[in-house]
Amino acid sequence: MGLPMCLNLLHHKNDPSSKQQQQLVMDSITAFDINEEALSKAEMAGAKPVSSLKDLLIETTPQKQHDPSSSSDVEGNEDLASSNVIITMLPDCKSVEKVINELITTSSNLHGPNPPPSLTFIDCSSISPSLSIELHSLAKSHGHIMLDAPVSGGVSGATNATLTFMVGGQSSTLHQTKPLLEIMGKNIMHCGDDGMGIVAKLCNNMALASQMIGISEAMNLGDSLGIDPNTLAKVMNVSTAKCWSGEVNNPHPEVEGKSGVLRPALNEYEGGFGTGLMLKDVRLAVRAGESAGVALPVAGLSKELYGMVDGRGLGRKDFGIMMQFLSGKV
């Protein structure tokens, strides 16, 4: 997810005709990833690669406080200009906690007794609401700013810059950073205070997980009873069962795809939203429900089913492979 988002930022940085580029001038884009292939692709597109979080900070932040008399990076928006933006897209809570803590600690160490330049963190990862709130508080205590901004739309949304960003944090910070998010997404939605973007994302994915199971069962039943899967999909997509899992990411490998779109089910369930990632989000949602005292019986069953699929070594396959699991084919 992080690579195509980075590539869209680089594309608009280098395209003087783009609307966003006229609104937002980015001096440079620095990239860090432990995945060397992804880092190499970002470098080929124009990013400056670094090999550590310390190097990322050295490249991203000046060794002195921002000079208010210098030109603004964002026309008419000095607040964002004085705050270097770091966007994170990481796979789990442990990684996010480690990276944000290390960035904040290293930033303080780099500048010795002097206050470090203010950083604006935009974390697009899916983590627990409680951890997100803790990291917001940590950032503020060191003079930094943070938004939790998880996304919906999958790899195709990241590639096509049509992501939905669900943002938690101060509305003023969102206003300042919105030009960046608009380069990578189509819908930028403020969900409330710190951590509320994460809450929205977990609720959405919890529902999506169950939705895919329902569509998978329906398509399997249709196969068993003899209806053509394309006919069934067309009926469902204009009826009350219409949903994203049936219309956009139908899990049946025989359902025709839209022209020019390689749906994961047509590609051996490669290239979509991984089952392991869906399992992680459902687990986080169920855990949040337990903490809040909310009954989530369907989500609990979803967690068990996706756990079984993941246990078969299929965690990197698109979560639509649930259809094959339920039919006993994998």
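Below, the structure is looked at part by part. Bear in mind the structure is a predicted one, so any value in this text is a computation, not a measurement.

### Quick look at the overall build of the protein
And then number 1: Of regular secondary structure, the protein possesses 15 helices and eight strands.
And then number 2: Here the C-alpha radius of gyration of the protein, 21 Å, is about what a compact globule of 330 residues would show, namely 20 Å.
And then number 3: Taken along the three principal axes of its C-alpha coordinates, the protein extends 70 × 50 × 35 Å.
And then number 4: Evaluated residue by residue, the protein yields a buried proportion of 45% over its 330 residues.
And then number 5: Long-range contacts, defined as pairs at least 24 residues apart, comprise 64% of the intrachain contacts of the protein with a sequence gap of at least 6.
And then number 6: Placing the 24 positive and 35 negative side-chain charges of the protein at their respective mean positions leaves the two points 4 Å apart.

### Looking at the packing of aromatic side chains
For any two aromatic rings, the description comes down to two numbers: the centre-to-centre distance and the angle of the planes.
And then number 1: Under the definition given, this model contains three aromatic pairs.
And then number 2: Ring geometry for Trp244 versus Phe319: centroids 6.5 Å apart, planes at 10°, classification stacked. A residue pair is termed long-range when its members are at least 10 positions apart, and Trp244 in helix α12 (residues 244-247) and Phe319 in the loop between α14 (297-314) and α15 (322-326) qualify at 75 residues.
And then number 3: On the accessibility criterion, Trp244 (37% relative accessible area) is partly exposed.
And then number 4: Residue classification places Phe319 among the buried residues on the basis of a relative accessible area of 0%.
And then number 5: Members of the aromatic cluster, connected to one another through ring pairs, are Trp244, Phe273, Tyr306 and Phe319.

### Structural notes on the nonpolar core
Within soluble globular proteins, side chains that are nonpolar tend to cluster in buried spots.
And then number 1: Ranked by internal contacts, the top residues of the largest apolar core, which has 25 residues, are Met5, Cys124, Phe165, Val167 and Leu181.
And then number 2: Listing elements by their share of this core, those giving two or more residues are α1 (2-13), α3 (36-44), β7 (163-168) and α9 (171-184).
And then number 3: Per element, the largest residue contribution to this core is five residues, and it comes from α9.
And then number 4: Listed in part, the 21 residues of the second largest apolar core include Leu53, Val96, Met146 and Ala285.

### So, helix α13 (residues 275-292)
Owing to its 3.6 residues per turn, the α-helix aligns residues three or four sequence positions apart on the same side.
And then number 1: The terminal C-alpha atoms of α13, which comprises 18 residues, lie 26 Å apart, in line with the 26 Å expected from a rise of 1.5 Å per residue.
And then number 2: Among all positions in α13, only Thr275, Met278, Leu279, Lys280, Asp281, Val282, Leu284, Ala285, Val286 and Gly289 are buried.
And then number 3: Tucked inside the fold, the buried residues of α13 contact α6 (93-110), α10 (196-225) and α14.
And then number 4: Residue Gly293 follows α13 closely and has a positive phi angle near 70°.

### A few points about the packing of α1 against α9
And then number 1: It is the contact of α1 with α9, at a shortest axis distance of 8 Å, that shows an interaxial angle of 110°. Classified by the interaxial angle, the pair formed by α1 and α9 is roughly perpendicular. Residue-level inspection shows Met5, Asn8, Leu9 and His12 of α1 in contact with α9, the latter providing Leu180, Ile183 and Met184.
And then number 2: Residues that form the contact of α1 with α9 fall into these classes: five nonpolar, two polar and no charged.

### Some points on a negative patch on the surface
And then number 1: Together, Asp223, Asp228, Glu254 and Glu256 make up a negatively charged patch on the protein surface.
And then number 2: For Asp223, the location among the structural elements is in helix α10.
And then number 3: On the accessibility criterion, Asp223 (33% relative accessible area) is partly exposed.

### Looking at the pairing of strand β5 (residues 145-148)
And then number 1: Across four bridges, strand β4 (residues 119-123) lies against β5 in parallel orientation. Across the sheet, Thr120 pairs through a bridge with Ile145, a residue of β5.
And then number 2: For the segment spanning β4, helix α7 (residues 129-141) and β5, crossover handedness is right-handed.

### Examining the environment of Met1
And then number 1: Mapped onto the elements, Met1 comes out in the segment before α1.
And then number 2: A relative accessible area of 31% places Met1 in the partly exposed class.
And then number 3: For the pair Met1 and Val155, spaced 154 residues apart in the sequence, the C-alpha separation amounts to 5.7 Å.

### Here's the deal with the layout of surface pockets
Unfilled space is identified by rolling a water-sized probe across the atoms.
And then number 1: Each pocket or cavity is described by its volume, and for the second largest pocket that value is around 170 Å³.
And then number 2: In terms of lining, the second largest pocket is formed by Pro129, Val199, Leu202, Cys203, Met206, Ala285, Ala288, Gly289, Ala292, Val294 and Leu296.
And then number 3: When contributions to the lining of the second largest pocket are tallied by element, the ones reaching two or more residues are α10 and α13.
And then number 4: Of the residues belonging to the lining of the second largest pocket, the class tally is 10 nonpolar, one polar and no charged.

### Some remarks on the pattern of salt bridges
And then number 1: Within the structure shown, the criterion is met by six salt bridges.
And then number 2: Notably, a salt bridge pairs Glu102 with Lys98, separated by 3.3 Å at the nearest N-O pair. In this pair, Glu102 and Lys98 are both assigned in helix α6, four residues apart and thus about one turn of the helix distant.
And then number 3: Asp194 is the salt-bridge partner of Lys140, the closest N and O atoms lying 2.7 Å from each other. Remark: Asp194 occurs in the loop between β8 (185-192) and α10 and Lys140 occurs in helix α7; sequence separation between them is 54 residues.

Reading the values: rules and limits
Residues numbered from 1 in each chain as written. Predicted model: local features only at pLDDT ≥ 70, side-chain atom pairs only at ≥ 80, totals over all residues. Heavy atoms only, no water. Helix = DSSP H or I, 4+ residues; strand = E, 2+ residues; numbered from the N terminus. Rg over C-alpha atoms; globule rule 2.2 N^0.38 Å. Buried < 20%, exposed > 50% of the residue type's maximum accessible area, 1.4 Å probe, protein only. Contact = heavy atoms within 4.5 Å. Lys, Arg positive; Asp, Glu negative; His and termini not counted. Charge placed at Lys NZ, Arg CZ, Asp CG, Glu CD. Phe/Tyr/Trp six-rings, centres within 6.5 Å; stacked < 30°, edge-to-face > 60°. Core = buried A, V, L, I, M, F, W, Y, C linked by side-chain atoms within 4.5 Å. Expected span 1.5 Å × (residues − 1). Axes fitted to C-alpha atoms, helices over the stretch in contact; angles between N-to-C directions. Parallel < 35°, antiparallel > 145°, perpendicular 65-115°, else oblique. Nonpolar A, V, L, I, M, F, W, Y, C, P; charged D, E, K, R; others polar. Patch = residues over 30% accessible without salt bridge, like charges linked within 9 Å, V, L, I, M, F, W, Y side chains within 5 Å. Areas by Shrake-Rupley, 256 points an atom, 1.4 Å probe, with all protein chains shown as cover. Salt bridge = Lys/Arg side-chain N within 4 Å of Asp/Glu carboxyl O. Pairing = 2+ DSSP bridges. Right-handed = clockwise from strand over helix to strand, strands pointing away. 1 Å grid on protein atoms, 1.4 Å probe; cavity = no way out; pocket = protein on both sides within 12 Å on 5 of 7 lines; lining within 4 Å. Points joined across faces, edges and corners; volume = space filled by probe spheres on them.

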